[in-house]
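# Geometric and topological summary
Single-letter residue listing:
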Amino acid sequence: QVQLVESGGGSVQPGGSLRLSCAASGSIISINAMGWYRQAPGKQRELVAGITSGGTTNYADSVKGRFTISRDNAKNTVDLQMASLEPEDTAVYFCNALVVYGFGYDPMDFWGKGTLVTVPS
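Quick caveat, the model's predicted, so the values are computed rather than measured.

With that settled, consider the overall build of the protein. Regarding its fold elements, the protein presents zero helices and eleven strands. Counting helices and strands in the order they occur from the N terminus, the protein gives β-β-β-β-β-β-β-β-β-β-β. Taking 121 residues into account, the globule formula puts the C-alpha radius of gyration at 14 Å, and the protein, at 14 Å, falls close to it. With respect to the three principal axes, the spread of C-alpha positions in the protein is 50 × 25 × 20 Å. Within the protein, buried positions represent 38% of all 121 residues. Partitioning the contacts of the protein with sequence separation of at least 6, the portion at a separation of at least 24 is 56%. Working note: accessible area of the protein is about 6400 Å², and carbon and sulfur atoms make up 51% of it. The average position of the 9 basic charges and that of the 10 acidic charges among the side chains of the protein differ by 3 Å.

Bringing the packing of aromatic side chains into the picture now. What the rule picks out here adds up to three aromatic pairs. On the basis of an interplanar angle of 65° and a centroid distance of 4.9 Å, the ring pair of Y37 and W111 is categorised as edge-to-face. Taken together, the positions of Y37 in strand β4 (residues 30-39) and W111 in strand β10 (residues 108-111) put the pair 74 residues apart, joining distant regions of the chain. We classify W111 as partly exposed; its relative accessible area is 36%. Clustering of aromatic rings is evident, with ring pairs tying together Y101, Y105 and F110. R45 extends its terminal NZ or CZ atom over the ring of F94, reaching a point 3.7 Å from the ring centre. The lysine or arginine in question, R45, covers the ring of W111, its NZ or CZ lying 4.7 Å from the ring centre.

This next bit is on the sheet that holds strand β8 (residues 77-82). Sheet strands pair by backbone hydrogen bonding; their relative direction is either parallel or antiparallel. As summarised here, the arrangement of the four strands in space is β1-β3-β8-β7, forming an open sheet in which the pairing is antiparallel. What marks the edges here is a single partner per strand, and that holds for β1 (2-7) and β7 (67-72). In this sheet, adjacent strand axes meet at a mean angle of 15° when their direction is disregarded. Two strands pair when backbone bridges link them, and β7 and β8 are joined in this way by six bridges, in the antiparallel orientation. Bridge assignment links R71 to a residue of β8, and that residue is V78.

What counts and how
- Residues numbered from 1 in each chain as written.
- Predicted model: local features only at pLDDT ≥ 70, side-chain atom pairs only at ≥ 80, totals over all residues.
- Heavy atoms only, no water.
- Helix = DSSP H or I, 4+ residues; strand = E, 2+ residues; numbered from the N terminus.
- Rg over C-alpha atoms; globule rule 2.2 N^0.38 Å.
- Buried < 20%, exposed > 50% of the residue type's maximum accessible area, 1.4 Å probe, protein only.
- Contact = heavy atoms within 4.5 Å.
- Areas by Shrake-Rupley, 256 points an atom, 1.4 Å probe, with all protein chains shown as cover.
- Lys, Arg positive; Asp, Glu negative; His and termini not counted.
- Charge placed at Lys NZ, Arg CZ, Asp CG, Glu CD.
- Phe/Tyr/Trp six-rings, centres within 6.5 Å; stacked < 30°, edge-to-face > 60°.
- Lys NZ or Arg CZ within 6 Å of the ring centre and 35° of its normal.
- Pairing = 2+ DSSP bridges.
- Axes fitted to C-alpha atoms, helices over the stretch in contact; angles between N-to-C directions.

Quick look at the structure:
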């Protein structure tokens, strides 16, 4: 099995910064893409940022220039540095990883349980 554990959420004033971290553990052979998603109350889960094993990144338009995703392939971790936070960034943030967990098996999506980020208006 594979587990993803997020940390770093909390409450921050508008304009502030937070750093989210996610560590993957378990029966991991390799991890393809990793990413961060978020789900605000009453809204669907959306991609915030993604990063491939080679370091190629992509971001939602709403966070470009404010958020930075990074990963450590050796440690199976992915971080999300968030700056200039806005009330609209309030959501539960989920870590996601596309994991190769067994030889001969297709990669599988795994999710963390989420960490809450609150930016009061």
